[in-house]
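Working through the structure, step by step
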Amino acid sequence: MTITQWFIFFLAIQAIHFLGTWKLYVRAGRQAWEAAVPVYNAVVLMKIINRPWWWTILLFVPIVNLIMFPVVWTETARSYGFNTYKDTALVVLTCGLYLFYINYATDAPHIKDRDLAPKSSSGEWVSSILFAIVAATIVHTYFMQPFTIPTSSLEKTLLVGDYLFVSKFHYGARTPITTVATPMLHDAIPYTGAKSYSSSPELPYFRLPGFQKIKRNDIVVFSWPVDTLTVITDPTSKSIYKPVDKKSNYVKRCVGLPGDSLEVRGGYVYTNGVKNDLPDRARLQFSYTVVSKNLLVKPIKDNRGQYSIPTDLVSGRYEISDIVLAAQESQEGPYIHIAQISDASYEKLKNNASIISITLDEHKGDYSNSNLFPARSGHNWSVQNYGPIYIPQEGKTVSITPQTIPFYKRIIEVYEGSEFGIKQNIQVTGTEVTLNGSPITEYTFKQDYYWMMGDNRHNSQDARSWGYTPYTHVVGKPVFVWFSLDANKSGFFNSIRWDRVFTTVGGDGKLTSYRYHFLGLILLYFGFNFFRKKKKQSKA
């Protein structure tokens, strides 16, 4: 829905509210016109139902208002004596229209000093649960969101099994686009596969002000720009539409900022001709073929008879990722390992007496490589050697030709077009590029874009596959690892990586766990509440 459509919808809701409640306002000693003034009518209604004025704010918070509207309708009915289970059910099932019946078909007086306490233990439970969901949804949407690391693209900075707290307020919280959704669920309801949201109506994109800009080498959580990679590798394919706030969430390192010229040489990133200086906690990994006399690790055999290698190695803990590592088993060897290895691990491995050879996988590119962005661009690029490529910046203008349009076609059509409800269609005919039928030779960008890559350079689905990440897709900044589990270890407590619990994601120097500090704060909180309750009981 456009802003104009939302404005008309808002006015329609105000008109329905006025028609359904103006007599109720009068019975409460207010003026009829007060039911017709947008926002002010909600503040007055909170006084009528004896609820705090700030509930009005919650009525305008997307997703939260799905809970608050039924609560306010029910509270309004109860303020006029309609407080049976039947009344509550009728109010909720009619989406508040039951108030028309109370307004016109009854003369029920306003109960000014009604008892606000729930009439039963079940009512108290429902009330507590609803407002716990409201509070959690606000925190989840605008302040801090939990997130899990599912892949090894940022090993060893972030590990598979890390549970993060992602700050929404560092870069500015993105308000929900989907207005009808299950609170705190992303795109699907667990164990059912059913969508957790409705694609319509949608709110226009809006972001609250942040207090920090994305800096080079920041680890960023963002909405995956493409709904499916086939729209990049096969432009004729159909994408799976998802609203921006319901696209899959990814976490990568931002190695390229708006306006940068970026290039990957031998797996290392260069921006504006200068090699990227990574934080000391970052550990780049590259793919190697390791041939050894003996197995370096104890292989795990699954139910299909396939062997894989765990992350924690039996011999030397060389930090080889289990994602693409496989062992070729034989009676006497040699054993072949395809491993993702950091520089430190490489130095340890090459000095191991069991090693026959260790060879870097070059990942040489070719002109038919359709797995890289942009597909079929005529560049002989690879994941190892990629670019140079320009990262678009808001307000900057680029030349548009049949040769350059593969880099910017999706930006123009989707990120600056259909995602804002604007029709943008790019066509290339011979030597001419047209936008909505008109020739175009240059284009000025409307927002900033970023280049997101994984530290596991040969085993990371990142910007080299899908291209630019627009600012509209930025979700937040990971700040804490609050929990971490190693799936390769048996037993819950044995699998906990205690040295990673409550550690910071950013920063330099040795990784430090603050778990005892947080445990102390939790104990202080519960202790404070315990003695406060004791003090109240003694006074009573």
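Refer to the preceding data block for the structure.
Residues numbered from 1 in each chain as written. Predicted model: local features only at pLDDT ≥ 70, side-chain atom pairs only at ≥ 80, totals over all residues. Heavy atoms only, no water.

1. Quick word on the pattern of salt bridges
Counted by the stated rule, this structure contains 15 salt bridges. Between Asp 462 and Arg 464 there is a salt bridge, with the nearest N and O atoms lying 2.8 Å from each other. Given a relative accessible area of 0%, Asp 462 falls into the buried group. Counted as one network, the salt bridges with shared partners bring together Arg 51, Glu 75, Arg 78 and Arg 114. (Salt bridge = Lys/Arg side-chain N within 4 Å of Asp/Glu carboxyl O. Buried < 20%, exposed > 50% of the residue type's maximum accessible area, 1.4 Å probe, protein only.)

2. What to know about the sheet that holds strand β16 (residues 432-435)
On the basis of which strands lie adjacent, the open sheet formed by 3 strands has the order β15-β16-β17 and antiparallel pairing. Each end of this open sheet is capped by a strand with a single partner; those strands are β15 (426-429) and β17 (438-439). The strands touched by helix α10 (residues 405-415) within the sheet are β15 and β16, with β15 carrying the most contacts at an inclination of about 150°. (Pairing = 2+ DSSP bridges. Helix = DSSP H or I, 4+ residues; strand = E, 2+ residues; numbered from the N terminus. Contact = heavy atoms within 4.5 Å. Axes fitted to C-alpha atoms, helices over the stretch in contact; angles between N-to-C directions.)

3. A look at the packing of aromatic side chains
Under the defined criterion, the tally for this structure stands at 42 aromatic pairs. Seen in terms of ring centroids, Phe 10 and Phe 60 are 6.4 Å apart; in terms of plane orientation they differ by 50°. Their pairing is tilted. With Phe 10 in helix α1 (residues 3-27) and Phe 60 in the loop between α3 (55-58) and α4 (64-78), the pair connects residues that are 50 residues apart, well separated along the chain. Judged by relative accessible area, which is 25%, Phe 10 ranks as partly exposed. By relative accessible area, Phe 60 is classed as partly exposed at 44%. One residue, Lys 195, lies across the ring of Tyr 197, its end atom 4.8 Å from the ring centre. Above the ring of Tyr 471, the side-chain terminus of Arg 207 is found at 4.5 Å from the ring centroid. (Phe/Tyr/Trp six-rings, centres within 6.5 Å; stacked < 30°, edge-to-face > 60°. Lys NZ or Arg CZ within 6 Å of the ring centre and 35° of its normal.)

4. Re the nonpolar core
Membership of the largest hydrophobic core comes to 43 residues, with the highest contact counts inside it found for Tyr 408, Trp 451 and Tyr 468. The biggest single contributor to this core is α10, with 7 residues. (Core = buried A, V, L, I, M, F, W, Y, C linked by side-chain atoms within 4.5 Å.)

Read these as layout, nothing more, since geometry by itself doesn't imply function.
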